[in-house]
Amino acid sequence: FGWFVEGRAGWLVFPQGPRGSGWFSEWGLGAPQHKFRIETPNNNSPQQTSDYKKWHDRLCDGISLSQSLGYHYLSASKRVNFRLGLEFIWAQTRERRTVRYDTGQSAHDRRHDFLSGIRLAWILPLYERSEKSDLYFE
C-alpha cells in the first residue's frame with residue numbers, strides 16, 4: 001500500500017506527420033512511499049492492534065528516477081489518440097521506523113526498488129474550434 005508523486009518532462013524523438021506523432025522519451029523525478037498493509041479478520045490478533053501495527057508494516061520512502069520509451073500517436077481524424085510504451089522506475093528508499101520489530105536490528109538501511117511495466121494511455125485532446133465563417137451576434 002502506498003503513494004507515488006512524480007514530475008515528468010519528455011520530447012518526441014522522431015516526430016512524424018502533421019499532428020506530431022512519433023517515438024517519445026520521458027524522464028521523471030518522484031517521491032514514493034509504501035508499506036505492508038496488514039489485515040486480520042475480525043481484528044482478533046493482539047499483535048496487530050494500533051499500538052503494535054506500525055512496527056510490522058516496514059514503512060519506506062525516498063526518491064525515484066523514471067524513464068519511459070514508446071510511441072505517441074495522434075490521428076488525422078482526431079478520434080484515435082494513444083501512447084504505448086515501456087516504463088522503468090528506480091527508487092532509493094529507506095525504512096522510516098527506527099528498529100525492525102521482528103529482528104531487533106536498526107531499520108535505516110538504504111534499499112533499491114525497481115519497477116518496470118507497459119503503459120497504454122488513451123489521449124483525450126482539447127482542440128480549439130476553427131471557424132471558417134464569420135459569426136454574428138444580435
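Residues numbered from 1 in each chain as written. Predicted model: local features only at pLDDT ≥ 70, side-chain atom pairs only at ≥ 80, totals over all residues. Heavy atoms only, no water.

1. Quick word on the overall build of the protein chain
As a reminder of what qualifies: Numbered from the N terminus, helices here are DSSP runs of H or I no shorter than four residues, and strands are runs of E no shorter than two. Here's how the labels work: a residue is buried when its accessible area is under 20% of the maximum for its type, exposed when over 50%, partly exposed in between, all with a 1.4 Å probe on protein chains only. Note on areas: Shrake-Rupley with a 1.4 Å probe; residue coverage comes only from the protein chains shown.
Broken down by element type, the protein chain carries 1 helix and 5 strands. Written out in order from the N terminus, the α and β elements of the protein chain read β-β-α-β-β-β. When the 138 residues of the protein chain are sorted by exposure, 23% land in the buried category. Total accessible area on the protein chain is roughly 10800 Å²; 57% of this is exposed by carbon and sulfur atoms.

2. Quick word on the sheet that holds strand β4 (residues 81-95)
To be explicit about the condition: In this analysis, strands are considered paired if DSSP registers two or more bridges between them. Lines fitted to C-alpha atoms define the axes, with helix axes restricted to the stretch in contact, and inter-axis angles between N-to-C directions lie between 0 and 180 degrees.
Taken in spatial order, the 5 strands line up as β1-β2-β3-β4-β5 in an open sheet, and their pairing is antiparallel. Both outer strands of the open sheet, β1 (2-16) and β5 (110-122), are each paired with one neighbouring strand and no more. Between one strand axis and the next, the sheet turns through 15 degrees on average, direction left out of account.

3. Regarding the confidence of the model for the protein chain
For clarity, the threshold we go by: Confidence scores labelled pLDDT are given residue by residue by the predictor and lie between 0 and 100.
Mean pLDDT over the protein chain stands at 83; residues scoring 70 or higher make up 81%. When pLDDT is averaged over each helix and strand of the protein chain, the minimum, 67, is found for helix α1 (residues 50-53) and the maximum, 94, for strand β2 (residues 21-34).

4. Regarding the pattern of salt bridges
Rules: When a carboxyl oxygen of Asp or Glu lies within 4 Å of a side-chain nitrogen of Lys or Arg, that pair is called a salt bridge.
If you walk through the whole model with that rule in mind, you get 7 salt bridges. Note that glutamate 26 is salt-bridged to arginine 8, the shortest N-O span being 2.8 Å. In this pair, glutamate 26 is assigned in strand β2 and arginine 8 in strand β1, connecting sequence segments 18 residues apart. Given a relative accessible area of 28%, arginine 8 falls into the partly exposed group. For glutamate 26, a relative accessible area of 15% translates into the label buried. Here the residues in one salt-bridge network are Glu6, Arg8, Glu26, Arg83, Glu87 and Arg119, joined through shared partners.

5. So, the packing of aromatic side chains
As a reminder, the rule being used: Note on aromatic pairs: the rings of Phe, Tyr and Trp (six-membered ring only in Trp) are paired at centre separations within 6.5 Å, and the planes decide the class, stacked below 30 degrees, edge-to-face beyond 60, tilted for the rest. A ring is scored as having a charge over it whenever the NZ atom of a lysine or the CZ atom of an arginine sits within 6 Å of its centre and within 35 degrees of its normal.
This model, assessed by the stated rule, comprises 2 aromatic pairs. Centre to centre, the rings of tryptophan 23 and tyrosine 71 are 5.2 Å apart; their planes meet at 75 degrees, and the pair counts as edge-to-face. Of the two residues, tryptophan 23 sits in strand β2 while tyrosine 71 sits in strand β3 (residues 60-74), which places them 48 residues apart along the sequence. You can call tryptophan 23 partly exposed: its relative accessible area is 45%. Accessibility expressed as a relative area gives 21% for tyrosine 71, which makes it partly exposed. Residue placement shows arginine 83 over the ring face of phenylalanine 24; its charged tip is 3.9 Å from the ring centre.

6. Brief notes about the side chain of serine 66
Counted only if it meets this: Counting of polar contacts relies on pairs of N or O atoms within 3.5 Å, with two restrictions inside protein: one atom must be capable of donating a hydrogen and the other of accepting it, and residues adjacent in sequence are counted only when both atoms are side-chain atoms. Should any heavy atoms of two residues lie within 4.5 Å, those residues are counted as being in contact.
Here serine 66 lies in strand β3. At 2.3 Å, the side chain of serine 66 and the side chain of glutamate 6 are in polar contact. Apart from residues lying up to four places away in sequence, serine 66 is in contact with Glu6, Arg8, Glu26, Trp27, Gly28, Phe88 and Ile89.

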